[in-house]
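So the chains spell out like this:
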Amino acid sequence: MNGFDWNAAGDALPLLIEGFRVTLLATALGTLVAAVLGLAVAVAGRAPSRFVTVPVRAVTEFVRSTPLLVQLVGAAALFTSVEPLVVGIVVLGVHYAAYTSEVYRAGIDSVPKGQWEACRALSLSPRRTWQAVILPQAVRNVLPALGNYAISMFKETPFLAVITVQEMVFEARKYGADHFAYTEAFTLAGLVFLVASYPTSLLMRKLEKRLGH
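Model, not experiment: these values are computed from the prediction.

So, how was this worked out
Residues numbered from 1 in each chain as written. Predicted model: local features only at pLDDT ≥ 70, side-chain atom pairs only at ≥ 80, totals over all residues. Heavy atoms only, no water. Helix = DSSP H or I, 4+ residues; strand = E, 2+ residues; numbered from the N terminus. Polar contact = N/O pair within 3.5 Å; in protein donor to acceptor, adjacent residues only side chain to side chain. Contact = heavy atoms within 4.5 Å. Axes fitted to C-alpha atoms, helices over the stretch in contact; angles between N-to-C directions. Parallel < 35°, antiparallel > 145°, perpendicular 65-115°, else oblique. Left-handed = near helix turned anticlockwise from the far one by under 90°. Nonpolar A, V, L, I, M, F, W, Y, C, P; charged D, E, K, R; others polar. Salt bridge = Lys/Arg side-chain N within 4 Å of Asp/Glu carboxyl O. Buried < 20%, exposed > 50% of the residue type's maximum accessible area, 1.4 Å probe, protein only.

Engineer: I'm lost on the side chain of Thr60 in this one. Help?
Structural biologist: Its location among the elements puts Thr60 in helix α2 (residues 50-65). A distance of 2.7 Å separates a polar atom in the side chain of Thr60 from the backbone oxygen of Val56. Once residues lying within four places of it in the same chain are set aside, the contact partners of Thr60 are Val41, Ala98 and Ser101.

As structure tokens, this is what we get:
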């Protein structure tokens, strides 16, 4: 490859691997926050009281209507005493929770009405109905969609660099600036993203087909 310095690429690789660990950590914990918080938002959105549903929907719409980059910068400015990585994980989780909540809502709506009626006929408590009957079916139906959002979050972790989180793209940019080797550093970073995300995307498609049957 003309103009590509393989020695520089080899030197950059250890730094990118270290940054990749931060990227994976942010993705894993951000996905956990999004999955748990999104489920809570979906269930709260079905509450009988408007004092619960209206604020929940308002906050959800606000999060969806503002760019992730703006949310990151704003949160970092507000919580200056908190580690940037922690801020980034929470913001990623909250941002994607606004979307996973809709996925959960669709999953809950896909549960046949007969299941709800059977729970009422058996005099199951609301908590038992949700835990034992509704949520197991709903979550199973939405697993592929949740996996796709996790992949999307993984590909958006480079935004964390704007709040000085030393993830993979941050390390690539730093190495490029220090050694005038942007091509090598960013090419490797792109390849790592591709190698990590593409097989996962194929797995999610396979899972979706299997659950569809």
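Having seen the structure, we can now continue with the description.
Engineer: Honestly, the packing of helix α4 (residues 84-109) against helix α6 (residues 126-156) in this entry has me stumped. Any pointers?
Structural biologist: The description of two helices packed together rests on the angle between their axes and the distance between the axes. Two elements in contact, α4 and α6, have axes separated by 8 Å at closest approach and are oriented at 140°. Here α6 runs oblique to α4, going by the angle between their axes. The interaxial crossing formed by α4 with α6 has right-handed handedness. Residue-level contacts link Leu92, Tyr96, Tyr99, Thr100, Val103, Tyr104, Gly107 and Ile108 of α4 to Trp130, Ile134, Ala138, Val139, Asn141, Val142, Ala145, Leu146, Tyr149, Ser152, Met153 and Glu156 of α6. Grouping the constituent residues of the contact of α4 with α6 by class yields 15 nonpolar, four polar and one charged.

Engineer: Quick question: what am I supposed to make of the pattern of salt bridges here?
Structural biologist: A pair can form between side chains of opposite charge whenever their charged atoms are brought close. Inspection of every chain in the model, using the stated rule, returns seven salt bridges. Glu18 is the salt-bridge partner of Arg21, the closest N and O atoms lying 3.1 Å from each other. Note that Arg21 and Glu18 are positioned in helix α1 (residues 6-44) at a spacing of three residues, about one turn of the helix. The exposure class assigned to Arg21 is exposed, which follows from its relative accessible area of 54%. Close ionic contact of Lys174 with Asp178 constitutes a salt bridge, the shortest N to O distance being 3.4 Å. One end of the pair, Lys174, and the other, Asp178, are both in helix α7 (residues 168-179), four residues apart, so they sit about a helical turn from each other.

Any link to function would need more than the numbers given here.
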